[in-house]
Amino acid sequence: MNQGLEDFTPAALLRRAEPCLWLNPQRQALLPAALPVAGGCIGAQDTQAAAARLARFAPLLARLFPELAASNGVIESPLLPAAGLQQALGLAPGQGRLWIKADHRLPVAGSIKARGGIHEVLEFAEGLAVQHGLISAQACPADYLALAEPAARTLFARYTVAVGSTGNLGLGIGVAASALGFRAVVHMSLEAKEWKKERLRRRGVQVVEHAGDYESAVAAGRAQAAADPYSHFVDDERSLSLLLGYSAAALHLRQQLLDAGIVVDAAHPLFVYLPCGVGGAPAGITFGLRHVLGPHVHCFFAEPVQSPCFMLQMMAGQGGNPSVYDWGLSNQTEADGLAVPRASLPAAELMAPLLSGCLTVRDETLLRQLVQVLEATGERIEPSAAAGFSGPGMLTGSDAGQAWLRGQGLLAHLPRATHLVWTTGGLFVPDEEYERFVQRGRALAV
Ligand SMILES: *Cc1c(COP(=O)(O)O)cnc(C)c1O
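What counts and how
- Residues numbered from 1 in each chain as written.
- Predicted model: local features only at pLDDT ≥ 70, side-chain atom pairs only at ≥ 80, totals over all residues.
- Heavy atoms only, no water.
- Pairing = 2+ DSSP bridges.
- Helix = DSSP H or I, 4+ residues; strand = E, 2+ residues; numbered from the N terminus.
- Axes fitted to C-alpha atoms, helices over the stretch in contact; angles between N-to-C directions.
- Contact = heavy atoms within 4.5 Å.
- Expected span 1.5 Å × (residues − 1).
- Buried < 20%, exposed > 50% of the residue type's maximum accessible area, 1.4 Å probe, protein only.
- Arc of directions from axis to C-beta.
- Core = buried A, V, L, I, M, F, W, Y, C linked by side-chain atoms within 4.5 Å.
- Domains from an automatic or database assignment.
- Buried area = accessible area lost by both parts, 1.4 Å probe.
- Salt bridge = Lys/Arg side-chain N within 4 Å of Asp/Glu carboxyl O.
- Nonpolar A, V, L, I, M, F, W, Y, C, P; charged D, E, K, R; others polar.
- Polar contact = N/O pair within 3.5 Å; in protein donor to acceptor, adjacent residues only side chain to side chain.
- Phe/Tyr/Trp six-rings, centres within 6.5 Å; stacked < 30°, edge-to-face > 60°.
- Lys NZ or Arg CZ within 6 Å of the ring centre and 35° of its normal.

Points about the sheet that holds strand S4 (residues 79-81)
Across the sheet, seven strands lie side by side as S1-S12-S11-S10-S13-S5-S4; this open sheet has mixed pairing. Each of the sheet's edge strands pairs with one partner strand only, and the pair in question is strand S1 (21-23) and S4. Between one strand axis and the next, the sheet turns through 25° on average, direction left out of account. With six bridges connecting them, strand S10 (residues 270-275) and strand S11 (residues 297-304) associate as parallel partners. Among the inter-strand pairings, Tyr273 is bridged to a residue of S11, identified as Phe300. Helix H11 (residues 309-316) contacts S1, S11 and strand S12 (357-361) of the sheet and is inclined by roughly 145° relative to S12. Each of S1, S10 and S11 touches helix H15 (residues 399-407); the most contacted strand, S1, lies at about 25° to it.

Focus on helix H7 (residues 214-226)
One turn of an α-helix holds 3.6 residues; hence residues three or four places apart share an orientation. Compared with the 18 Å implied by 1.5 Å per residue over 13 residues, the 18 Å span of H7 between its first and last C-alpha is a close match. Turning to H7, its buried residues are Tyr214, Ala217, Val218, Gly221, Arg222 and Ala225. Down the axis of H7, the buried set is contained in an arc of 130°. They therefore lie on one face. Exposed residues pointing more than 90 degrees away from the buried face of H7 are listed as Ala223 and Ala226.

Observations regarding the nonpolar core
One finds Phe182, Phe271, Leu289, Phe310, Met351 and Trp422 to be the most contacted residues of the largest nonpolar core, which totals 153 residues. Apart from residues lying up to four places away in sequence, Phe310 is in contact with Cys276, Val278, Gly279, Phe301, Glu303, Ala343, Ser344, Ala347, Ala348, Met351, Leu355 and Cys358.

Section: unusual backbone geometry
Phi is positive for Asn72, which is not a glycine, with a value near 55°. Its place among the elements puts Asn72 in the loop between helix H2 (44-64) and S4. A relative accessible area of 57% places Asn72 in the exposed class. Although it is not a glycine, Val108 adopts a positive phi angle of roughly 70°. Among the structural elements, Val108 can be located in the loop between strand S5 (97-102) and helix H3 (113-131). Owing to a relative accessible area of 2%, Val108 belongs among the buried residues under this scheme.

Considerations on the domain arrangement of the chain
Taken domain by domain, the chain comprises domain 1 (14-62 + 73-110 + 243-445) and domain 2 (113-238). Taken over C-alpha atoms, the centre of domain 1 sits 25 Å from the centre of domain 2. Each partner contributes to the interface: domain 1 provides 40 residues, whereas domain 2 provides 34 residues. Contact with domain 2 buries surface across domain 1, with Phe57, Leu60 and Tyr246 losing the most and accounting together for 19% of the total. Note that Glu76 is salt-bridged to Arg115, the shortest N-O span being 2.8 Å. For the side of domain 1 that touches domain 2, the elements supplying multiple residues, two or more each, are H2, helix H8 (240-247), helix H12 (345-351) and helix H16 (431-445). It is H2 that provides the largest number of residues to the side of domain 1 that touches domain 2, a total of nine residues. For the side of domain 1 that touches domain 2, a count of residues per class yields 25 nonpolar, five polar and 10 charged.

Regarding the environment of Glu76
Tracing the chain through its elements places Glu76 in the loop between H2 and S4. Once the C-alpha coordinates of Glu76 and Met188 are considered, the two residues, 112 residues apart in sequence, prove to be 27 Å apart. Beyond its immediate chain neighbours, meaning those up to four positions away, Glu76 contacts Lys101, Leu106, Pro107, Arg115, Ala249 and His252. In this structure the side chain of Glu76 is engaged in a polar contact, spanning 2.8 Å, whose partner is the side chain of Arg115. Within the structure, Glu76 has its side chain in polar contact with the side chain of His252 (distance 3.1 Å).

Some details on the packing of aromatic side chains
By the definition in use, this model includes eight aromatic pairs. In this structure an aromatic cluster arises from ring pairing among Phe124, Phe156, Tyr159, Phe182 and Tyr230. Residue placement shows Arg380 over the ring face of Tyr434; its charged tip is 4.5 Å from the ring centre.

Structure (structure tokens):
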């Protein structure tokens, strides 16, 4: 082994499945009012529209889901201080303060999919209800309670909502669709977690298992739904409704930051670290945050070393749509929510001017950090949800991160920075399953 000959560029590290940090040379500080995506354009008003839709449905959601009664139908998560975790993550006291956006606690879906997945089901239901005269296009939130009545349920029962998923999107879509009265079909890969399939079946959702990976489950579901006019397919690789549902999180986070006294401006940068699978969830949130908080928010996507599809896509540009298999990687990871071989092209297109960078993480690190999170905060997260915790250390502690911070003029502002790690799932992980993660994480720590 000759250290001098080893290549430490992101491409070489990726190929060797070693953790790496890639910084986006195309990021722009100032944004146009609308951004091109999938042949159309979206802007800040689309995030507002998604948030308004979620608000219109809130009374109905509170009625359908007892766990939403206390929040009056609002599906949200807390912003948690995490100073006790800083040292373990390698974030020195003078390098900013650590917070957690706790989407692992999101009700109904138990993951970040409660945002985008449920939004898309609601948008589909709303369109049908207006088209069939059950509510008017100007209906008030209270009018939406009519959608829990027999006329609406009979209408919805004629339709199928289908989705292809590694697990969590299926949980979100399946539970929301079946609660409204739709038939729900979730296409999953054989290796998807058994407890996720079980939970869906218990809710009356049809689970179709496919021999291949996530990508083949999506393709099969898409083809099956295309042949049926009474079927709506939630397309994780292409859907803008999903993406905009996720983006609405930014409006709520803005208020949480205000309430916590966290300032975001040139002298107080905000770094956000988001676990990334196909890219829709983190891209939606980044889109929302860049509009709502401006140029001083820097978003980074975090992926497993064996499934860095979004980083590959960002490096390739829109000319290609590379798969992790092309790079000799296995797509095998304990982070099942992130085990995606090929990124969403629309998400990557949208991220070209918005995203600050991508990073990759080993499975052992995910499991170790899952334990550190438990010990420092008592929070229970799943392995996918731990991906962002490598971010602060890699950004502030690596040569590439330091050089980028200096180049961006951010180094001097680091002491007043906020590092926000987005934890994306965990609420419904069964105790025995979670205990196994903890034991494996503890074994790795020694
Ligand atoms: C789905 C998911 C993500 C990433 O979302 P994508 O839209 O696939 O990028 C991250 N974490 C968890 C736990 C998820 O379920």
